Amino acid sequence: MPEQRGAVDLAGLGRYGSRTRGGHELTAFAAYGRAVRAPCDGRVVSAEGAIEDQDAGPGARARYQPPYGNHVFIDTGREIVKLAHLRAGSLTVSRGDTVRAGQLVGETGNSGNTTEPHLHLHAERDGVGLDLRFTDVPGRLYRGRVIRTFP
């Protein structure tokens, strides 16, 4: 999809490098329930927080849901930044709200077109995906790259 060309999916890793803490319930995934903060200043142009999380793990059957599931889309005035697959009931912002970089907007969940809790993040301008750069992450992003962050 052209608008997701520079997208990243951020999954959590547990203490020993595994994405789960044992078990297959949602709360066993290291990413589930982690705070999601606005990556930029802007105005919330779309927010959904009532879609039930999907089951996860081996044998889980995905249910049809809107692709982004629970989400927050932020208009920076130049591009739209999309945060998707948030936990049901976790959003702290609504459409029309002004947000600042670092502000809590929700928690990572497993809603939408997903089989495992993670945060989908991408930015687009005029329907074309943009490459992302993070202030505190040197180098380029690539599949499987581990980025160490604070808890």
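Higher on the page you've got the structure.
### Observations regarding the pairing of strand β5 (residues 80-86)
Each regular strand carries side chains that alternate between the two faces of the sheet.
Logical step 1: Among the seven residues in β5, six count as buried, and that is most of the element.
Logical step 2: Pairing geometry for strand β4 (residues 70-75) and β5, over six bridges, is antiparallel. By the bridge assignment, Phe73 is partnered in β5 with Lys82.
Logical step 3: In this structure, β5 lies alongside strand β8 (residues 119-125), joined through five bridges in antiparallel fashion. Across the sheet, Leu83 pairs through a bridge with Leu121, a residue of β8.

### Some remarks on the packing of aromatic side chains
Logical step 1: A full pass over the atoms with the stated rule returns one aromatic pair.
Logical step 2: Looking at Lys82, its charged tip hangs above the ring of Phe73, at a distance of 4.7 Å from the centre.

### Section: the pairing of strand β3 (residues 42-48)
Logical step 1: Here β3 runs beside strand β6 (residues 98-99); their pairing, made up of two bridges, is antiparallel. Its bridge partner lying in β6, Arg43 is registered against Thr98.
Logical step 2: One ladder, built from five bridges, connects β3 with β4; its direction is antiparallel. By the bridge assignment for β4, Val44 is matched with Ile74.

Procedures and definitions
- Residues numbered from 1 in each chain as written.
- Predicted model: local features only at pLDDT ≥ 70, side-chain atom pairs only at ≥ 80, totals over all residues.
- Heavy atoms only, no water.
- Buried < 20%, exposed > 50% of the residue type's maximum accessible area, 1.4 Å probe, protein only.
- Helix = DSSP H or I, 4+ residues; strand = E, 2+ residues; numbered from the N terminus.
- Pairing = 2+ DSSP bridges.
- Phe/Tyr/Trp six-rings, centres within 6.5 Å; stacked < 30°, edge-to-face > 60°.
- Lys NZ or Arg CZ within 6 Å of the ring centre and 35° of its normal.

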